[in-house]
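# Secondary and tertiary structure notes
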Amino acid sequence: MPDHENEHQGWAAEAGVFLAVAFVAAGAFGAAQSTTGIPPEVLQLTQFGPALAVAAVALFRPGRIMDRLAGTLPTRTGTRTGVRARRAGALLLTPVLIIALCAGGGLLTTGSLPVTGPQALTHPLALIVTAQLLGACAEEIGWRCYLQPLLRTRLGPITASVAVGLLWGLWHVPVFAQEPAYAAGFLLATTAMSVILGLALDGVRSNRLLLAGGFHTLINLGMLYVTDETAATTAPMLFLGAAALVAAVPWIATARRAPHAAPDRITVATAPGTR
């Protein structure tokens, strides 16, 4: 079989293993949540599904996993130019914009802002923030640190980001038990936020996990404390989707003006019998 066909099949097989394990593991973790006594507002065990899926791919394709995860952690050789620093700062400020737009939409339409004070929850703020960051990183090591770079070897930055965003949204299976408009708003939000993350991290070779996890954590905390997206009502989720789309526009415009690096074609020499 020609090498390029083997490469294509290897890429598709990796993605298939990742998605299958991510979906099944999330369902199993979700079913186990109630037995652990861990409140969902502190930590949702389903978030560990993508991390487990990365571990499964590491067993399936041990010769490639480190290349796929390149840049996940801080490295001494990572590029630290002013442009990259500004991009990281803009990425971590974008959730603030998204939550502010959501809050503004709710305030204009209902005349009130459903802010939840930290004292309203039974668990300390420091615990919630730490747990939220842990859960967000467990998700993002799969979506933005593994799957995004994998698809980026085959697709352009925006197309790869949209694909990851749609899969990320569909992975939240219980969302689709809500009203169709609610699910549509959620899927719009995950896709738009995935585009923001994909474009911001494209070509970044260091600290991808903390940047993606930080973005994700800020969104989750904003949804928990500032807006009403966690209440499973339609209007707030539509605001979230619209706000994420508005926030994605400057990232898309900047990406179209500044060409991104071509995707790396990963070629890994493997020992006989290694897949």
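Heads up: these notes are all about the structure in this document. A quick note: this is a predicted structure, and the numbers were derived from the prediction, not measured.

### What about the nonpolar core?
Among the nonpolar cores identified, the biggest contains 53 residues, and L91, I98 and Y146 are the most heavily contacted of them. Of all the secondary-structure elements, those providing two or more residues to this core are α1 (3-36), α2 (49-60), α4 (82-110), α5 (125-152), α6 (157-171), α7 (180-201), α8 (208-225) and α9 (234-257). Among the elements that line this core, the one with the most residues is α7, at 12 residues. With near-sequence residues (within four places) excluded, L91 lies in contact with I196, L197, A200, L201, L211, F215 and W251. L45, L121, A131 and L221 belong to the second largest nonpolar core, which has 9 residues in total.

### Thoughts on the packing of α5 against α6
Running from N to C, α5 and α6 cross one another at 140°; their axes reach a closest spacing of 9 Å. Classed by the angle they form, the pair α5 and α6 counts as oblique. α6 is crossed by α5, and the crossing has right-handed handedness. Along the contact surface, α5 presents E139, E140, W143, R144, L147, Q148, L151 and R152, while α6 presents P157, A160, S161, A163, V164, L167, W168 and W171. Split into classes, the residues belonging to the contact of α5 with α6 amount to 10 nonpolar, 2 polar and 4 charged.

### Structural notes on the side chain of D202
Examined against the element boundaries, D202 turns out to sit in the loop between α7 and α8. Using a relative accessible area of 10% as the deciding quantity, one classes D202 as buried. Engagement of the side chain of D202 in a polar contact is seen with the side chain of R152, the distance being 2.7 Å.

### Quick notes on a nonpolar patch on the surface
Where nonpolar side chains cluster on the molecular surface, the patch consists of F23, L170, V173 and F176 and spans about 320 Å² of accessible area. Along the chain, F23 turns up in helix α1. Residue F23 is classed as partly exposed on the basis of its relative accessible area of 30%.

### What to know about α2
In a regular helix each residue adds 1.5 Å, so 12 residues correspond to 16 Å; α2 covers 16 Å between its end C-alpha atoms and thus fits that length. The complete set of buried residues in α2 reads G49, P50, A53, V54 and V57. Looking straight down α2, one finds its buried side chains confined to an arc of 140°; they lie on one side.

### Brief notes about the environment of Y146
Inspection of the secondary structure assignment puts Y146 in helix α5. The exposure class of Y146 is buried, given its relative accessible area of 0%. For the pair Y146 and D67, spaced 79 residues apart in the sequence, the C-alpha separation amounts to 9.4 Å. Excluding residues within four positions of it along the chain, Y146 makes contact with E14, A15, F18, V54, V57, I65, R68, L69 and I141.

### So, unusual backbone geometry
Notably, N207 is not glycine yet its phi reads approximately 65°, a positive angle. With respect to the helices, strands and loops of the structure, N207 is situated in the loop between α7 and α8. Owing to a relative accessible area of 23%, N207 belongs among the partly exposed residues under this scheme.

Procedures and definitions
Residues numbered from 1 in each chain as written. Predicted model: local features only at pLDDT ≥ 70, side-chain atom pairs only at ≥ 80, totals over all residues. Heavy atoms only, no water. Core = buried A, V, L, I, M, F, W, Y, C linked by side-chain atoms within 4.5 Å. Buried < 20%, exposed > 50% of the residue type's maximum accessible area, 1.4 Å probe, protein only. Helix = DSSP H or I, 4+ residues; strand = E, 2+ residues; numbered from the N terminus. Contact = heavy atoms within 4.5 Å. Axes fitted to C-alpha atoms, helices over the stretch in contact; angles between N-to-C directions. Parallel < 35°, antiparallel > 145°, perpendicular 65-115°, else oblique. Left-handed = near helix turned anticlockwise from the far one by under 90°. Nonpolar A, V, L, I, M, F, W, Y, C, P; charged D, E, K, R; others polar. Polar contact = N/O pair within 3.5 Å; in protein donor to acceptor, adjacent residues only side chain to side chain. Patch = residues over 30% accessible without salt bridge, like charges linked within 9 Å, V, L, I, M, F, W, Y side chains within 5 Å. Areas by Shrake-Rupley, 256 points an atom, 1.4 Å probe, with all protein chains shown as cover. Salt bridge = Lys/Arg side-chain N within 4 Å of Asp/Glu carboxyl O. Expected span 1.5 Å × (residues − 1). Arc of directions from axis to C-beta.

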